[in-house]
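Architecture and fold: a report
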Amino acid sequence: MDKLLIRGGRELRGEVFISGAKNAALPELCAALLTDEPVVLNNVPRLQDVSTMLKLVRNMGVSAERDANYKDGGTVRLNAAELTRPEAPYELVKTMRASVLALGPLLARFGHAKVSLPGGCAIGSRPVDQHIKGLQAMGAEIVVEHGYMVARLPAGRTRLKGACILTDMVTVTGTENFLMAAALAEGETLLENAAQEPEIVDLAEMLIRMGAKIEGHGTSHIRIQGVEKLHGCEHTVVADRIEAGTFMCAVAATGGDALLRNARGDHLDAVIDKLRDAGCNVTSEKGGVRIASKGPAYEHLKAQSFSTTEYPGFPTDMQAQFMALNVIARGASVVTETIFENRFMHVNEMVRLGAHIHVDGKVAMVEGVQQLSGATVMATDLRASASLVIAGLVAEGETLVDRIYHLDRGYDRMEAKLRGLGADIERLTAAAAA
């Protein structure tokens, strides 16, 4: 099992390319299932979850090829004309919750689908009942049996039907599933309480390029007029705002100065506002976003309290990384997690590095310390992994981050990018780390 060895104390300076967003690439790979024509996706990140999704669609009979010459943003070419097996088996999706995104497209195009209940990070309940209720409102018959969602159209129907779908909660993957399913449905579908994330907007723009009729994406009310057929397209995956925010926190924590090429500042308003309040200088530049800090965090940055909420609020996917900054900033802060119930699992590992954190239910109280000390820590989920890397970058001595397979699910060559900014970090393979 690979580990990351970090020798802390170096400022991060220079330029780093922000890859395409995992949370846009995964639904967009599934959107290719909606057509029998070729789809080309550019700026696709090299992530474990992307590799898993490619294995999944290939198992269905889809042609899915990566360009061999990969530098910053890679290209994937897909063709689902010969898709013969509309199924997502457990053995392929047990590590990835995004597998549920195959349900809507398969059901919409083929009239039936069998998709395993998803796996992924153990950060709390992410139930699929909203997906099932929404697709049932569109006329699907769905049962859950033997760990699978088995869906089909009623006898005599060849297409899903438009419906008004009001979810009990804001659900990103639910909104994405409904968008894809409604694109081929008969009549009009109205999504109420829809997620507003940039990744939703990016998926909708791809579907529109394929011939879908969608209005209101980026708001809580999305209207889709179904069409009989979608065609192929070429689309570039939007930059990963969570990767950008992670690097912003890393640069701020080390007292550095870096240009994040390809980053979109308008997708990170809530995080950038907190970074500015902390004392960082964040500016949009041609081709990216620059962040600069005047020096060591404890001397120049003020801890910031925040509460996670749905977009455009402070993202839950940035909670752990910003907490790593608060840990070594001046003063006390209160971090409230409202999205997932188990998203403080990084706290105990940060305490091993010398952090002062007390957790009471959904609230973490953080008292900044002047210095962390290196130790061996264990990653528990994707964003917790990133937070421990940030803490290791500022800790005195060596920090060894174990179980970084979580990190590889959502960050494209993170250690290589950090080395390019001046970090002393290396990947230890299973043999080398033994």
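Above: the structure in question.
Let me begin by describing the structure that accompanies this report. (Residues numbered from 1 in each chain as written. Predicted model: local features only at pLDDT ≥ 70, side-chain atom pairs only at ≥ 80, totals over all residues. Heavy atoms only, no water.)

Regarding the pattern of salt bridges
- Tallied over the full model, the rule gives 26 salt bridges.
- Residue Glu243 is joined to Lys417 by a salt bridge in which the shortest nitrogen-to-oxygen separation is 2.8 Å. Taken together, the residues Glu243 in helix α8 (residues 241–254) and Lys417 in helix α15 (residues 414–420) connect sequence positions 174 residues apart. There is no split in this pair, since Glu243 and Lys417 are both buried.
- Salt bridges linked by common partners bring Arg7, Arg10, Glu398, Asp424 and Glu426 together as one network. (Salt bridge = Lys/Arg side-chain N within 4 Å of Asp/Glu carboxyl O. Helix = DSSP H or I, 4+ residues; strand = E, 2+ residues; numbered from the N terminus. Buried < 20%, exposed > 50% of the residue type's maximum accessible area, 1.4 Å probe, protein only.)

Observations regarding the nonpolar core
- Within the largest apolar cluster, 77 residues are counted, with the highest numbers of intra-cluster contacts made by Leu34, Leu78, Leu135, Met138, Leu160, Leu179 and Leu207.
- Those residues in contact with Leu78 that lie beyond four places of it in its chain are Leu29, Ala32, Glu37, Pro38, Val39, Leu41, Leu54, Val57, Ser63 and Ala64. (Core = buried A, V, L, I, M, F, W, Y, C linked by side-chain atoms within 4.5 Å. Contact = heavy atoms within 4.5 Å.)

Topic: the packing of aromatic side chains
- Under the definition given, this model contains three aromatic pairs.
- For the pair Phe306 and Phe314, a centre-to-centre distance of 4.1 Å together with 25 degrees between the ring planes defines the contact as stacked. Residues Phe306 and Phe314 agree in their burial class; the two are buried.
- Measuring from centroid to centroid gives 5.4 Å for Phe306 and Phe322, while their planes differ by 75 degrees, and the two rings are edge-to-face. Taken as a pair, Phe306 in strand β18 (residues 306–307) and Phe322 in helix α11 (residues 319–327) lie far apart in primary sequence, 16 residues in all. (Phe/Tyr/Trp six-rings, centres within 6.5 Å; stacked < 30°, edge-to-face > 60°.)

Examining the packing of α8 against helix α13 (residues 382–394)
- Following both chains from N to C, one finds α8 and α13 inclined at 20 degrees, their axes separated by 9 Å at the closest point. The angle between α8 and α13 places the two elements in the roughly parallel class. As for the relative orientation of α8 and α13, their crossing is right-handed in sense. Residue-level inspection shows Ile242, Thr246, Cys249, Ala250, Ala253 and Thr254 of α8 in contact with α13, the latter providing Arg383, Ala386, Ile390, Leu393 and Val394.
- By residue class, the composition of the contact of α8 with α13 is eight nonpolar, two polar and one charged. (Axes fitted to C-alpha atoms, helices over the stretch in contact; angles between N-to-C directions. Parallel < 35°, antiparallel > 145°, perpendicular 65-115°, else oblique. Left-handed = near helix turned anticlockwise from the far one by under 90°. Nonpolar A, V, L, I, M, F, W, Y, C, P; charged D, E, K, R; others polar.)

Some remarks on the sheet that holds strand β19 (residues 332–336)
- Taken in spatial order, the four strands line up as β18-β19-β21-β20 in an open sheet, and their pairing is mixed. Both outer strands of the open sheet, β18 and β20 (356–360), are each paired with one neighbouring strand and no more.
- Bridge count between β18 and β19: two bridges; the pairing is parallel. Among the inter-strand pairings, Phe306 is bridged to a residue of β19, identified as Val335.
- Here α11 sits on the sheet and contacts β18, β19, β20 and β21 (363–367); the angle it forms with β21, its principal contact strand, is near 30 degrees. (Pairing = 2+ DSSP bridges.)

Some remarks on the side chain of Thr308
- Topologically, Thr308 is positioned in the loop between β18 and α11.
- Relative accessible area serves as the criterion here: at 0%, Thr308 is assigned to the buried category.
- Here Glu337 takes part through its side chain, which lies 3.2 Å from a polar atom of the side chain of Thr308.
- Not counting residues up to four positions away in its chain, the partners in contact with Thr308 are Phe314, Pro315, Thr316, Gln319, Thr336, Glu337, Thr338 and Ile339. (Polar contact = N/O pair within 3.5 Å; in protein donor to acceptor, adjacent residues only side chain to side chain.)

Comments concerning the layout of surface pockets
- In this structure, the second largest pocket occupies an estimated 300 Å³ of space.
- Around the second largest pocket sit 18 residues that line it, and Ala253, Pro296, Ala297, Gln371 and Val394 are the ones nearest its centre.
- A per-element tally of the lining of the second largest pocket places helix α10 (residues 297–300) first, with three residues.
- The residue makeup of the lining of the second largest pocket, split by class, is ten nonpolar, four polar and four charged. (1 Å grid on protein atoms, 1.4 Å probe; cavity = no way out; pocket = protein on both sides within 12 Å on 5 of 7 lines; lining within 4 Å. Points joined across faces, edges and corners; volume = space filled by probe spheres on them.)

Examining unusual backbone geometry
- The amide bond that connects Tyr311 to the next residue, Pro312, takes the cis arrangement and shows omega of 15 degrees.
- By the element assignment, Pro312 lies in the loop between β18 and α11.
- In this structure, His146 is a non-glycine residue whose phi angle is positive, near 55 degrees.
- A positive phi angle, near 55 degrees, is found at Arg413, a position not held by glycine.
- Relative to the helices and strands, Arg413 is located in the loop between α14 (405–410) and α15.

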